[in-house]
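Inside the fold
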Amino acid sequence: MIAATLRRRASRRVLPGFGLSLGVTLTFVSLILLLPLTSLVGQLSQLSLSQYWFLISDPRILASYRVTLLAAAVAALFNAAFGLLMAWVLVRYEFPGKRLVDALMDLPFALPTAVAGVTLATLYSSQGWVGRWLETLGLPIAYTWVGIALAMAFTSIPFVVRTVQPILEDLPSEVDEAAVTLGARDGHAFRRVILPHLWPALVTGTGLAFVRSLGEFGAVIFIAGGKPFETEITSLMIFVKLQEYDYAGATAVASIVLATSLALLLVINLWQGRFTRRLHGGGA
Amino acid sequence: MIRIGDAPGVRRLLIGVALVLTALFLLLPLVAIFAQALMGGIDLYWQNLSDRYTLAAIGLTLLVTLLTVPINLVFGIFLAWLVTRFNFPGRRLLQTLIDIPFAVSPVVAGLVYLLLYGRNGWLGGWLDGYDIQIMFAWPGIVLVTIFVTCPFVARELIPLMQAQGAREEEAAVTLGASGWTIFRRVTLPKIRHALLYGVILTNARAVGEFGAVSVVAGAIRGQTNTLPLQVEQLYQDYNTVGAFTSASLLALLALLTLAAKAALEWRAARRESLA
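Remember, it's a predicted structure, so these values are computed and weren't measured experimentally.

**Focus: the packing of helix α11 (residues 179-208) of chain B against helix α14 (residues 240-274) of chain B**
Residues and elements named next belong to chain B. With their axes 10 Å apart at the nearest point, α11 and α14 run at an angle of 165 degrees to one another. Viewed along their axes, α11 and α14 adopt a mutual orientation that is roughly antiparallel. Considering the relative orientation of α11 and α14, their crossing is left-handed. Along the contact surface, α11 presents Arg-192, His-193, Leu-196, Tyr-197, Ile-200, Asn-203, Ala-204 and Val-207, while α14 presents Leu-250, Leu-253, Thr-257, Ala-260, Lys-261, Leu-264, Arg-267 and Arg-271.

In structure tokens, the structure reads:
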């Protein structure tokens, strides 16, 4: 019946290719996305509730949630500040090498995470170029949660820059002029006049950076060192459980990670949707 | 024109801080990769590069990329055509579903494939009866790479095709053009650059995927090591120069990706200013 309804609707369409593209897309989505994800549900359904609770509330796993959340939050906040600064400098000022700096902002997305991981671990180890120097100041980075936050921050740099940049570019210069003509100081004018335009994009970018950091694996594991209860991130715990053939344990923890990131993504999408509608004048 | 933050002192300070942070966080790691790779001299670099296992890893990475990119290209075009040219129930849901790989941790992506195609999995057990092995072999690596990279092309195409609308295609239909002709002669020229950009992003991620691949590969040297896995293995073996030699190839590809992206954006900006 659904097929018939769809066909009836399709016959009213002008453009060709509805059936073909629907068929290809649904086949692909079912085989590549949905089927593997249902296998996770299947594996979970074999666990009783108390078994599930036992697996996800193991003290070592709880410690990994804490480290992951803390490091991801610090990384996201760093990127909120750094991304805002970079977007501002790239949009508002001219300086030699600007195009190069702009292009470099995308490096963390283009560079494989494992490469970023070994490079940061080498740079910030106690013998590394930067780590040696920080060690003498009493600031060890490698094998601490700070190192984890650093790696997470590196891989999610582009999110804030690239969400704030276009909004800043589209901001009419009258906004500035009004504030400056009225005699507002720079910092005050920025907070009161520019920031209200930017903060929806800033929150979106920071949220995306946070979600990405929660799931990051390749960039983090090398610099983290994997000390139980201290520098083990949750994706590493899943990986370790898989290597021990503890599929039930890995799946239980994975379900927490998956549910958290999907919920956050949903919130970000709703937030962005509300904001976009308001921009286009519809809604409240 | 007077603008906020245009005072010379403020400007110099902000540019200075931005440049120092960029150099420290982005440029320094990039330089370090090549410096570490060439630490033992150029001869050792070539020797590491022509290592049997490194060559095998390069070959496997190429195979995975050559299979993944065209599959996701075709899927991306069909999906973008479907959601931008037709209205049907479940359209929004489909667009949300396709974002899942972006939200999922790569390790979780690897895990779900392992559950499905592993020896005890639903499909894995059945395929095992026919002596077909997906996990800990190249087909598994290809499958997870397709999963991880499938949103890129569609994500570039959908906003563009939505903005362009379907008027020109509809005009072509009334002139009696077939579906394939419409796509090739009307749609494709309009989306060429976005398509290329999507392919570049897919390619970069497919070559460099680590978390998902490391779950399903099983790291059998010379057989299931992709280049990023090779980097990890050499690094764990304390062969730093070897690890960074493989890493330098991936970094070189990342630089090419950035250059291609910058060139595409530059062309788009120039076209806009001419129009």
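**Quick look at the interface of chain A and chain B**
Much of the literature gives interface size as the accessible area that the parts lose upon coming together. Across the boundary between the two partners, chain A contributes 93 residues, which contact 87 residues of chain B. Taken over both partners, the interface formed by chain A and chain B buries close to 8,000 Å², and the fraction arising from carbon and sulfur atoms is 81%. Counting the surface chain A buries against chain B, the share from its top three residues, Leu-15, Phe-28 and Tyr-93 of chain A, is 9%. The tally of links from chain A across to chain B stands at 1 salt bridge. Take the side of chain A that touches chain B: its biggest share by element is 21 residues, from helix α2 (residues 18-45) of chain A.

**Considerations on the environment of Leu-229 of chain B**
Residue placement: Leu-229 of chain B occurs in helix α13 (residues 227-236). For Leu-229 of chain B, the residues in contact, after removing those within four places along its chain, are Phe-210, Val-213, Ser-214, Ala-217 and Thr-224 of chain B.

**Regarding the side chain of Lys-261 of chain B**
You can see Lys-261 of chain B is positioned in helix α14. When its relative accessible area of 11% is taken as the criterion, Lys-261 of chain B is described as buried. Those residues in contact with Lys-261 of chain B that sit more than four places away from it in its chain are Asp-106 and Arg-162 of chain A together with Tyr-197 of chain B.

**A word on unusual backbone geometry**
Residue and element names in this part refer to chain A. Its identity is not glycine, yet Phe-229 carries a phi of approximately 70 degrees, on the positive side. Here Phe-229 is to be found in the loop between α13 (218-224) and α14 (234-243). Look at Tyr-245: it is not a glycine, yet its phi comes out positive at around 60 degrees.

**What about the confidence of the model for chain A?**
Predicted coordinates in regions of low pLDDT should not be interpreted in detail. Mean pLDDT for chain A: 89, with 92% of residues reaching 70 or above. Note on residues 278-284 of chain A: pLDDT under 50 across the span, and 3 contacts to partners over four residues away in sequence or across chains.

**Notes on the packing of aromatic side chains**
This structure, assessed with the given rule, holds 19 aromatic pairs over all chains. With a centroid separation of 5.1 Å and 75 degrees between ring planes, the pair formed by Phe-102 of chain B and Phe-152 of chain B is classed as edge-to-face. Pair noted here: Phe-102 of chain B is in helix α5 (residues 100-103) and Phe-152 of chain B is in helix α9 (residues 151-164), with a separation of 50 residues, a long-range link. By relative accessible area, which is 29% here, Phe-102 of chain B ends up partly exposed. Of the aromatic side chains, those joined through ring pairs into one cluster are Phe-217, Phe-222 and Phe-239 of chain A together with Phe-210 and Tyr-235 of chain B.

**Remarks on the environment of Pro-70 of chain B**
Residues and elements named next belong to chain B. With respect to the helices and strands, Pro-70 occurs in helix α3 (residues 52-85). We classify Pro-70 as partly exposed; its relative accessible area is 40%. Residues Pro-70 and Tyr-45, spaced 25 residues apart in sequence, show a C-alpha to C-alpha distance of 32 Å.

What counts as what
Residues numbered from 1 in each chain as written. Chains lettered and ligands numbered in written order. Predicted model: local features only at pLDDT ≥ 70, side-chain atom pairs only at ≥ 80, totals over all residues. Heavy atoms only, no water. Axes fitted to C-alpha atoms, helices over the stretch in contact; angles between N-to-C directions. Helix = DSSP H or I, 4+ residues; strand = E, 2+ residues; numbered from the N terminus. Parallel < 35°, antiparallel > 145°, perpendicular 65-115°, else oblique. Left-handed = near helix turned anticlockwise from the far one by under 90°. Contact = heavy atoms within 4.5 Å. Buried area = accessible area lost by both parts, 1.4 Å probe. Salt bridge = Lys/Arg side-chain N within 4 Å of Asp/Glu carboxyl O. Buried < 20%, exposed > 50% of the residue type's maximum accessible area, 1.4 Å probe, protein only. pLDDT = per-residue confidence, 0-100. Phe/Tyr/Trp six-rings, centres within 6.5 Å; stacked < 30°, edge-to-face > 60°.

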